[in-house]
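As a plain string of letters, each chain reads:
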Amino acid sequence: MLWMARPAFVIAVLASGVAAQAEAPRDITGNLTYLARIALPPEAEAVIVLQGEFGTVLAQAVIPSGGRQVPLPFVLSDATGLSGRLDAAIRMGGQTRWLIEGVPVPGGGAPVDLGNLMLSPYRALAFATQYDCGGIRVSVGMLDDRLTLRADRRDLPLTQVEAASGARYVADGDDSSGIWSKGEGATVTLGGAELPECYKLVPPDATPYRAGGTEPGWSVRLGDATTEITADYGAVSLTAPRPAAMPVRGGYVFDMPDIGARLTLTEGVCRDIATGMPHPHGTTLTLDGRDMTGCGGDPARLLTGPEWRVEDVAGTGIVDRSNVTLMFGSDGRLSGSGGCNRMMGGYTLTGEGLTFSQVAATMMACPEALMTQEARVFEALAAVTRFDMDDSGALQLIGGAQDAALLTARRP
């Protein structure tokens, strides 16, 4: 499926507003600025949009500049308390001229100050396809009649080169940057550094989603167009069109009145009572007046995305200023640093747990303390059998004879 990319603030104009909430909203504040010495005309305006999951708009604001220049302060009122990503633009004459996308915003009820947000010059890519490369957003489309790679705040015009398979393009004047497209995936290289495996993004409101629970056994599958519900250990089977997600305080609701069903998601780690596997949402299926609880979402979503920085190895901490990192790719690949050498390998996530395989590393020599620590990191990975998240959001890789945390990591 090809998703024609467009900034979230455009989508927001078409989206319905957030449902009224009972609790007081929180303020998300910051300042919009850019480097160029270009004055804003009096009619310039700032557009700020906070998006949650399933393509939902959690909050939005349009702020006239009123003749002010950057940095332009903004206040966004969010009544949901959900985590999301913020996009902001400065428009002149109805056209977007400066843009920043994907600024992470944590969930919760406390105010959030994002500080100064540096916007980049913006021109729309025609016929654009978006990729997710380990949490890094990359776009490919037409700009001034040239196929262009948009990544790392840069537009790189591309030229096609010969490839054994797929379609390969390199940046003009810089063959260390480019994209190699193969089916639904791609490999993107910037300045000689290869990004994690890239996958085409599909519209967020069409992404498949699963939820389920036990006692009584039930499951819900949200497909790209339909919803399939099974309850009472298979005795009940229902199908309905997939509804739009409605953000509510702390979660999302999928309402299906035609079949007397509603699926409610609560943001936060939920552990399956049968396996202990963590999921990104707690869920409640309401069916003909009955409430059945469970968990929902792909557990892999808790692992993939930005890299994790290890802060403890089996309860002994880590060497000061050492940089031990883990990156989980959507393709089952593991990459990162053992503190001295780069590592790569694979991971397998099943309904029962998490394991690592074929973890290899480069062969650089480092100070003895780092080499000893790195060996312990590799030993820990080999013994991992499952993962969990603690109350602070830290990742715990668990295993060994004591079934204890062997590695603890968090995102910077």
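Right, let's walk through the structure included here. (Residues numbered from 1 in each chain as written. Predicted model: local features only at pLDDT ≥ 70, side-chain atom pairs only at ≥ 80, totals over all residues. Heavy atoms only, no water.)

Here we look at the pairing of strand 33 (residues 395-399)
Most of strand 33 sits inside the fold, with four of its five residues counted as buried. Here strand 32 (residues 384-389) pairs with strand 33 via five bridges, running antiparallel. If you follow R386 over to strand 33, its bridge partner there is I398. Pairing geometry for strand 33 and strand 34 (residues 404-410), over five bridges, is antiparallel. Across the sheet, residue L397 finds its bridge partner in strand 34, namely L407. With antiparallel pairing between neighbouring strands as the criterion, strand 33 and strand 34 make up a hairpin whose turn holds four residues, including G400 at a positive phi of roughly 80°. (Buried < 20%, exposed > 50% of the residue type's maximum accessible area, 1.4 Å probe, protein only. Helix = DSSP H or I, 4+ residues; strand = E, 2+ residues; numbered from the N terminus. Pairing = 2+ DSSP bridges.)

Concerning the environment of P203
Here P203 lies in the loop between strand 17 (198-200) and strand 18 (209-213). In sequence terms P203 and G55 are 148 residues apart; their C-alpha atoms lie 7.5 Å from each other.

A closer look at the pattern of salt bridges
Considering all chains together, one arrives at 14 salt bridges under this definition. Among the salt bridges present, the one from E53 reaches R301, with a minimum N-O distance of 2.8 Å. Separated by 248 residues along the polypeptide, E53 in the loop between strand 2 (45-51) and strand 3 (57-64) and R301 in the loop between strand 26 (290-296) and strand 27 (308-313) bring together distant segments of the chain. On the basis of relative accessible area, R301 is assigned to the partly exposed category, the value being 42%. Measuring nitrogen to oxygen at the nearest pair gives 2.8 Å for the salt bridge that ties R146 to D172. One end of the pair, R146, is in strand 11 (residues 146-151); the other, D172, is in the loop between strand 13 (167-171) and strand 14 (174-182), and 26 residues separate them in sequence. Classification of R146 as partly exposed rests on a relative accessible area of 31%. Residue classification places D172 among the partly exposed positions, given a relative accessible area of 38%. (Salt bridge = Lys/Arg side-chain N within 4 Å of Asp/Glu carboxyl O.)

Things to note about the state of the cysteines
In this structure the tally under the stated criterion is three disulfides. Each sulfur of the disulfide joining C270 and C295 lies 1.9 Å from the other. Linking C270 and C295, the disulfide has an S-S dihedral of approximately -65° and is accordingly described as left-handed. Placement of the pair is C270 in strand 24 (residues 261-271) and C295 in strand 26, with a sequence separation of 25 residues. For the pair C270 and C295, one class covers both residues: buried. At a sulfur-sulfur separation of 1.9 Å, the disulfide partner of C340 is C366. Residues C340 and C366 are joined through a disulfide that is right-handed, its torsion about the S-S bond being 85°. (Disulfide = S-S within 2.5 Å.)

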